[in-house]
Amino acid sequence: MAFRRSSHGVAVLLPALALLLPACEWDGHFTVLGYTTRPNYDMNIHTVRVPIFKNVTFWRGLEFDLARAVVREIESKTPYKVVSADCAADTELTGTITIFNKNILNRNQLNDVREAETVLSVGVIWKDLRANHVGEILSRPLTGPGAPPPPPPPGAPPPPAPTVLVQSLGHFAPELGQSLTTAQKENVDRLAVHIVEMMEKPW
């Protein structure tokens, strides 16, 4: 039994194949079915300044641990270079630790802590320092509820820069050899990941 090629089938198949083929763009990246090889970060930004975060909680030292974790995450996950506080930079990432709480989730028969969680909250501002974008806030959406507020009337002081609240949870179980220090490190590492994810370009 011989099979014949249907001209109608080929006519339908060719446009479908054309839709599946990746489209090469002017900058050499490909886009197919909504996916792209473009980087997740703004490649026009090269350097980030990360001062030690402020800390308004009673837990001293968190600000140094978090700043180190954020620098490490930026250097390993983004194309940006972190520069010291006294160097010129394209952007500046600042933050204020506002909350570090411990919540007990479970106790044993002796009323000792069996399981607890910690919550770490930080307000973050990522500001553009480049000559043609000075003062532009990068750490907020450009449309929707987080859109920039309207400009103040002439002579009025500028409004404070809006902060983005970033939170993380940590857990520890003393019966498993874990401690509050274990949870703090988990909080700091997770928060650094969330902050650097915030630096990605919006979809």
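One can find the structure itself at the top, above this paragraph.
Residues numbered from 1 in each chain as written. Predicted model: local features only at pLDDT ≥ 70, side-chain atom pairs only at ≥ 80, totals over all residues. Heavy atoms only, no water.

A.B. asks: Help me understand the pattern of salt bridges, please; the structure alone is not making it clear to me.
C.D. replies: Between side chains of opposite charge, a pair can form when the charged atoms approach closely. Applying the stated criterion to the full structure yields 9 salt bridges. Asp 189 is the salt-bridge partner of Arg 72, the closest N and O atoms lying 3.3 Å from each other. A residue pair is termed long-range when its members are at least 10 positions apart, and Arg 72 in helix H2 (residues 62-77) and Asp 189 in helix H3 (residues 180-198) qualify at 117 residues. Since its relative accessible area comes to 46%, Arg 72 is described here as partly exposed. With relative accessibility at 24%, the residue Asp 189 sits in the partly exposed group. A single network of salt bridges, built from pairs that share partners, joins Arg 72, Lys 185 and Asp 189. (Salt bridge = Lys/Arg side-chain N within 4 Å of Asp/Glu carboxyl O. Helix = DSSP H or I, 4+ residues; strand = E, 2+ residues; numbered from the N terminus. Buried < 20%, exposed > 50% of the residue type's maximum accessible area, 1.4 Å probe, protein only.)

A.B. asks: Would you mind showing me how to read H3 here?
C.D. replies: One full turn of an α-helix is made of 3.6 residues, so residues set three or four places apart face in the same direction. For H3, spanning 19 residues, the distance from its first C-alpha to its last is 27 Å, which sits close to the expected 27 Å at 1.5 Å a residue. Taken residue by residue, H3 has Ala 183, Gln 184, Asn 187, Val 188, Leu 191, Ala 192, Ile 195, Val 196 and Met 198 as its buried positions. If you follow the buried residues of H3, they end up packed against H2, strand E7 (91-107), strand E8 (113-128) and strand E9 (164-172). (Expected span 1.5 Å × (residues − 1). Contact = heavy atoms within 4.5 Å.)

A.B. asks: Hey, could you run me through the environment of Lys 77 in this one?
C.D. replies: By the element assignment, Lys 77 lies in helix H2. Separated by 119 residues in sequence, Lys 77 and Val 196 have C-alpha atoms that sit 8.0 Å apart. Not counting residues within four places of it along the chain, the set of residues in contact with Lys 77 comprises Tyr 41 and Val 196. Of the polar contacts made by the side chain of Lys 77, one reaches the side chain of Glu 73; its length is 2.6 Å. (Polar contact = N/O pair within 3.5 Å; in protein donor to acceptor, adjacent residues only side chain to side chain.)

A.B. asks: I tried to follow the nonpolar core on my own but got confused; where do I start?
C.D. replies: Soluble, globular proteins show a tendency: their nonpolar side chains are buried together. Counting residues in each nonpolar core, the largest one holds 27 residues, and the members touching the most others are Val 70, Ile 74, Leu 93, Ile 195 and Met 199. Listed by contribution, the elements that provide at least two residues to this core are H2, E7, E8 and H3. Ranked by the residues each element gives to this core, the list is headed by H3, at 6 residues. With near-sequence residues (within four places) excluded, Met 199 lies in contact with Tyr 41, Val 48, Ile 74, Tyr 80, Leu 93 and Trp 126. (Core = buried A, V, L, I, M, F, W, Y, C linked by side-chain atoms within 4.5 Å.)

A.B. asks: I would appreciate a short explanation of the pairing of E8 in the present structure.
C.D. replies: On a regular strand, one side chain projects to one face of the sheet and the next to the other, so that they alternate. In terms of residue burial, E8 counts as a mostly covered element, since 12 of its 16 residues are buried. As paired elements, E7 and E8 share 15 bridges and run antiparallel to each other. Counterpart to Asn 103 in the pairing with E8 is Glu 117. Taken together, E7 and the strand that follows it, E8, pair antiparallel across an intervening segment of 5 residues, in which Asn 111 is found at a positive phi of about 70 degrees. Pairing of E8 with E9 involves 9 bridges; the strand directions are antiparallel. Bridge assignment links Val 124 to a residue of E9, and that residue is Val 164. (Pairing = 2+ DSSP bridges.)

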